[in-house]
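# Structural overview
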Amino acid sequence: MPTSFRSLAIAWAICLTVVFGGLALLEATYDPASQQQEMDVAEAPAGPQEPAFRPIPVQAFSDLLEMSDQGPLPVIGPDGTRSSEYYAATPVQAPDQAKIAIIVTDMGMQSRRTRRALAEMPEHTTFAFSPFGQGNNGWAEQARRANHEVLLMVPMEPVNYPQDDPGVLTLLVTNMPDQNLRWLRESLSKLTGYVGVISHKGSRFTAAVDSMRPIMRDLSARGLMYVDSQSSQYSVGPDLARGLSVPLAINSRIGFIDEELSAAVISERLDELEKTALRNGYAVGIIRPLPVSMDAVSIWAAGLESRGVRLAPISQVAKLHTATAQ
């Protein structure tokens, strides 16, 4: 019995030693300030949050359309929603890298080239559809489903018209404003679900302020952005767009990157575009859906991120352009 008592006493002694030793260790290592700091961090409000990824809506939104005698036309929604915002892609989250928007024009004109562009062009490429294309809405839905922004080309008079004729819907400086607005709306009705328009040719028309002003007012009233293709250094489009608060992006060079159909020359032009982006923070380049052009862009784009540049949607470049212009 005494032996059992001694064993029980020893066990209690060990338990008390462990308990009091643990309390002493806790007291020695407890740091109220550190615990409070951890609580403060846990309770502190979060910093700026990156916008959550939002797929571009594939189907056209009825609130952003009006039915006219010419077909469906874009309008600003009852709640103020604009096509330039609703059909825009989520911005690329890379604040320390320059942004380049690559636009492929003449989409819809040849199904084989259109199909290849949709299948092979890099992420965030923007596709501009011709009002003369076939099956435009189907192609454009494919583009938006793959998270590519869509533009509509608006044909405008070049200086050597009619030798160089952009087509029956061409806006002309000799037309009355009402006629040009009718042609514009005829073009706008050929597609749905686009963020804005890009001037096609137009070296003469875009330089005529009295001709361009009614067009820009209509684009503003319809909630669209404007991309100036820089077919001429004398274009008044950018100044008119700024004056009417139309989202604006401008081609970084006069004409196409693939003006000369040579892989070496196109690669050289893309390198120049990259330097422009690194210098200004953004740039815009335009190509056609030609095999040599698409191959050159794909090769060049593969290493962009490692060189401090990212491809971005045209809507994001427009915002960067607006921010730097202010």
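Everything quoted here is computed from the prediction, not taken from an experiment. (Residues numbered from 1 in each chain as written. Predicted model: local features only at pLDDT ≥ 70, side-chain atom pairs only at ≥ 80, totals over all residues. Heavy atoms only, no water.)

### With respect to the pattern of salt bridges
The condition that has to hold: Salt-bridge detection follows one rule: a side-chain nitrogen of Lys or Arg within 4 Å of a carboxyl oxygen of Asp or Glu. Secondary structure elements follow DSSP: runs of H or I of four or more residues count as helices, runs of E of two or more count as strands, with numbering from the N terminus. Under the scheme applied here, a residue whose accessible area is under 20% of the maximum for its type counts as buried, over 50% as exposed, and between as partly exposed, the area being computed with a 1.4 Å probe on protein chains only.
Overall, the coordinates contain 17 salt bridges when judged by the stated rule. Note that Arg185 and Asp218 form a salt bridge whose closest N and O atoms lie 2.8 Å from each other. One end of the pair, Arg185, is in helix 6 (residues 177–188); the other, Asp218, is in helix 7 (residues 209–221), and 33 residues separate them in sequence. Note that Arg307 is salt-bridged to Glu274, the shortest N-O span being 2.7 Å. Of the two residues, Arg307 is situated in the loop between helix 10 (291–301) and strand 10 (309–311) and Glu274 in helix 9 (residues 263–280); the sequence distance between them amounts to 33 residues. Taking relative accessible area as the criterion, Glu274 reaches 8% and is therefore assigned buried. Through salt bridges that share partners, Glu66, Arg185, Asp218 and Arg222 make up one connected network.

### Things to note about the pairing of strand 2 (residues 71–74)
Heads up, the rule is: Note on pairing: DSSP must find at least two bridges between two strands before they are called paired.
Summarising the sheet, strand 1 (residues 65–68) and strand 2 pair through four bridges and their orientation is antiparallel. Directly across from Leu65, in strand 2, lies its bridge partner Pro74. Connecting the antiparallel pair strand 1 and strand 2 is a turn made up of two residues.

### Quick word on the side chain of Ser220
The test is simple: By definition in these notes, contact holds between two residues if any of their heavy atoms fall within 4.5 Å.
Relative to the helices and strands, Ser220 resides in helix 7. Judged by its relative accessible area of 19%, Ser220 falls in the buried class. When near neighbours in sequence (up to four residues on either side) are disregarded, Ser220 contacts Ile76, Arg82, Leu244 and Val246.

### Comments concerning the nonpolar core
Nonpolar side chains in soluble globular proteins tend to end up buried together. Put simply, the test is: Put simply, a nonpolar core is a bunch of buried Ala, Val, Leu, Ile, Met, Phe, Trp, Tyr and Cys residues held in one set by side-chain atoms that sit within 4.5 Å of each other.
In terms of nonpolar packing, the biggest core is built from 53 residues, with Ile100, Ile102, Phe127, Val197, Tyr226 and Trp300 touching the most fellow members. If sequence neighbours within four positions are ignored, Trp300 has contacts with Ile100, Ile102, Leu270, Asp271, Glu274, Arg307 and Leu311. Counting residues in each nonpolar core, the second largest holds 23 residues, with Ala94, Ala101, Ile103 and Ala249 among its members.

### As for helix 10
How we decide: Arc, as used here, means the arc of the directions from the helix axis to the C-beta atoms.
For helix 10, the set of buried residues is Ser293, Met294, Ala296, Val297, Trp300 and Ala301. Projection of helix 10 onto a plane perpendicular to its axis shows the buried side chains occupying an angular sector of 160°, all on one side. Looking at the packing, one finds that the buried side of helix 10 touches strand 3 (98–107), helix 4 (111–120), helix 9, strand 9 (282–287) and strand 10.

### Focus on the environment of Ala264
On the secondary structure map, Ala264 appears in helix 9. Classification of Ala264 by relative accessible area gives exposed; the value is 56%. Each C-alpha atom, one on Ala264 and one on Ala296, is 8.5 Å from the other, the two residues being 32 residues apart in sequence.

### Some thoughts on the packing of aromatic side chains
Rules: Here the aromatic set is Phe, Tyr and Trp, taking the six-membered ring for Trp, and pairing holds for ring centres within 6.5 Å; pairs whose planes are under 30 degrees apart are stacked, those over 60 apart are edge-to-face, and all others are tilted.
All chains considered together, the criterion is met by two aromatic pairs. A ring pair is formed by Phe61 and Tyr86, whose centres lie 5.0 Å apart and whose planes are at 25°; its orientation type is stacked. Residue Phe61 is found in the loop between helix 2 (32–43) and strand 1, and its partner Tyr86 is found in helix 3 (residues 83–86); the two are separated by 25 residues along the sequence. Overall, Tyr86 belongs to the partly exposed group, its relative accessible area being 21%. With 4.9 Å between their ring centres and 90° between their planes, Tyr86 and Tyr87 make a pair best called edge-to-face.

### Quick word on unusual backbone geometry
Cis geometry is adopted by the peptide bond preceding Pro162, which originates at Tyr161 and carries an omega value of 10°. Structurally, the position occupied by Pro162 is in the loop between strand 5 (150–156) and helix 6. For Asp106, which is not glycine, the phi torsion reads 60° and is therefore positive. Positionally, Asp106 belongs in strand 3. One non-glycine residue with positive phi stands out, namely Gln230, at about 55°.

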